[in-house]
Amino acid sequence: MDIFQIRRKTLETDIEIKLNFFGNGFFKIKTFIYYLDHIFSQFINYSLFDCYLRCYSDLKIDSHHLIEDIAICLGLLIKKKKLSRYSTNFIIMDDVFILISIDSCNRIFYYDNFLILDFDIQLIREFFSSFIKNFKCCFYIYCFNYFNKHHLIESIFKLFGIIFKNLKNKDILISTKGIL
């Protein structure tokens, strides 16, 4: 059992996450943003991590700080575990067809091809941008098709979980440089 935890307390948020890397997808999540609870639970379920996540934040302003700080904590936590380097996968769900690819290379690069940047999509972009800065990886989300934004965001988090399930279940890939 590999259990790691982190607490991040700022003037805007107070977040505690405990993560069991070799779990069964069990979760207890309380962010007070019920949609975030829903999509984050998709990530945990599909990654086969077990997770306890408790958050308090300045939600009267908006949800930006909470989403950003959860991603920061998650990136720092997952970085503690030695994982395989590469994972790429596709998912289709209803009207959505997307690809996510990750290179856990200790370098930072984020790409998505979202054209419509409403508040929800901006927050998703902020989540992954904050995550990759702290996990230190190259991360691509490529959306081929979607009509329903809820399905898009949900499928992104499901595939995000599948990507990490794959990273923890493969042999570690060593760089030809000898160090990443």
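Sequence positions are assigned chain by chain, starting from 1 and proceeding in written order. Confidence filtering applies because this is a predicted model: local features only for residues at pLDDT of at least 70, side-chain atom pairs given and counted only at 80 or more, and all residues used for totals across whole chains, interfaces and linings. Here the side-chain values reflect all heavy atoms present in the structure, with hydrogen atoms and water set aside.

Novice: Help me understand the sheet that holds strand E6 (residues 96–103), please; the structure alone is not making it clear to me.
Specialist: Sheet strands pair by backbone hydrogen bonding; their relative direction is either parallel or antiparallel. Strands pair, by our definition, only if DSSP identifies at least two bridges between them. Every helix listed is a DSSP run of H or I at least four residues long, and every strand listed is a run of E at least two residues long, numbered separately from the N terminus. Taken together, 4 strands build an open sheet; the order of strands is E5-E6-E8-E7 and the sheet is mixed. The open sheet is flanked by strand E5 (86–93) and strand E7 (109–112), the only strands paired with a single partner. The sheet shows a mean angle of 10 degrees between the axes of neighbouring strands, taken without regard to direction. As judged from the 8 bridges shared by E5 and E6, these two strands associate in the antiparallel manner. The partner of methionine 93 across the bridge, within E6, is valine 96. Residues are treated as being in contact if the distance between any of their heavy atoms lies within 4.5 Å. Note on geometry: axes are C-alpha line fits, over the in-contact stretch for helices, and angles between N-to-C directions span 0 to 180 degrees. Sheet contacts for helix H3 (residues 119–135): E6, E7 and strand E8 (138–145); angle to E7, the most-contacted strand, approximately 155 degrees. Strand contacts of helix H4 (residues 149–168): E5, E6 and E8, with the helix running at about 145 degrees to E5, the strand carrying the most contacts.

Novice: In this structure, what is going on with helix H2 (residues 64–79)? I would like to understand it.
Specialist: For an α-helix the count is 3.6 residues per turn, leaving residues at separations of three or four pointing the same way. Relative to the 22 Å expected for 16 residues at 1.5 Å per residue, H2 spans 23 Å between its end C-alpha atoms, a close match to the ideal helical length. Relative accessibility thresholds used throughout: buried, under 20% of the residue-type maximum; exposed, over 50%; partly exposed, between the two (1.4 Å probe, protein chains only). Buried residues dominate H2, accounting for 12 of its 16 residues. Among all positions in H2, only His65, Leu66, Ile67, Asp69, Ile70, Ala71, Ile72, Cys73, Leu74, Gly75, Leu77 and Ile78 are buried. Contacts from the buried residues of H2 go to strand E1 (3–9), strand E2 (13–20), helix H1 (34–47), strand E4 (50–57), H3 and H4. The span expected for a helix works out to 1.5 Å for each residue beyond the first.

Novice: Is there a simple way to think about the nonpolar core in this case?
Specialist: A general tendency of soluble globular proteins is for nonpolar side chains to be buried together. Definition of nonpolar core: a set of buried residues of the types Ala, Val, Leu, Ile, Met, Phe, Trp, Tyr and Cys, connected through side-chain atoms within 4.5 Å. Core analysis: the biggest nonpolar cluster contains 54 residues, and Ile78 and Phe164 have the highest contact counts within it. Every element with two or more residues in this core is listed here: E2, H1, E4, H2, E6, H3, E8 and H4. Among the elements that take part in this core, H4 stands out by supplying 10 residues, more than any other. Here isoleucine 78 is in contact with Leu19, Phe21, Phe43, Phe49, Leu83, Phe131, Phe135 and Phe164, once residues within four sequence places are set aside.

Novice: Explain the environment of phenylalanine 4 here, please?
Specialist: Inspection of the secondary structure puts phenylalanine 4 in strand E1. Along the primary structure phenylalanine 4 and isoleucine 17 are separated by 13 residues, whereas in three dimensions their C-alpha atoms are 8.3 Å apart. If near-sequence neighbours (up to four positions away) are discounted, phenylalanine 4 is found in contact with Ile17, Lys18, Leu19, Phe21, Leu77, Lys80 and Lys81.

Novice: Explain the sheet that holds E4 here, please?
Specialist: One open sheet holds the 4 strands; their spatial order is E1-E2-E4-E3, and the pairing between them is mixed. With one partner strand each, in any of the chains shown, E1 and strand E3 (27–30) form the two edges of the open sheet. Averaged over neighbouring strand pairs, the angle between their axes works out to 5 degrees when direction is ignored. Helix-sheet contacts for H1 involve E2, E3 and E4, and the interaxial angle to E3 is about 155 degrees. Contacts from H2 reach E1, E2 and E4 within the one sheet, and its direction differs from that of E2 by about 35 degrees.

Novice: Help me understand the side chain of aspartate 14, please; the structure alone is not making it clear to me.
Specialist: Structurally, aspartate 14 is set in strand E2. Classification of aspartate 14 by relative accessible area gives buried; the value is 12%. For aspartate 14, the side chain forms a polar contact with the side chain of arginine 7, separated by 2.7 Å. Pairs of N or O atoms are called polar contacts if they sit within 3.5 Å, as long as, within protein, a hydrogen donor faces a hydrogen acceptor (for residues adjacent in sequence, only side-chain-to-side-chain pairs).

Novice: How should I be thinking about the packing of H2 against H3 in this particular structure?
Specialist: For any two helices packed against each other, one specifies the inter-axial angle together with the distance between the axes. The interhelical angle for the contact between H2 and H3, taken along N-to-C directions, is 30 degrees, at an axis separation of 7 Å. With respect to H3, the axis of H2 lies roughly parallel. Classified by chirality, the crossing of H3 by H2 is right-handed. Residues His64, Ile67, Glu68, Ile70, Ala71, Ile72, Leu74, Gly75, Leu76, Ile78 and Lys79 of H2 form the contact with H3, whose participating residues are Leu123, Glu126, Phe127, Ser130, Phe131, Asn134 and Phe135. Residue composition of the contact of H2 with H3, grouped by class: 11 nonpolar, 4 polar and 3 charged. Geometric relationships in this document are graded by angle, where less than 35 degrees denotes roughly parallel, more than 145 denotes roughly antiparallel, 65 to 115 denotes roughly perpendicular, and other angles denote oblique. Crossing handedness follows the turn of the near helix against the far one: under a right angle anticlockwise gives a left-handed crossing, and clockwise gives a right-handed one. Three categories are distinguished: nonpolar for Ala, Val, Leu, Ile, Met, Phe, Trp, Tyr, Cys and Pro, charged for Asp, Glu, Lys and Arg, and polar for the others, with Gly belonging to the last.

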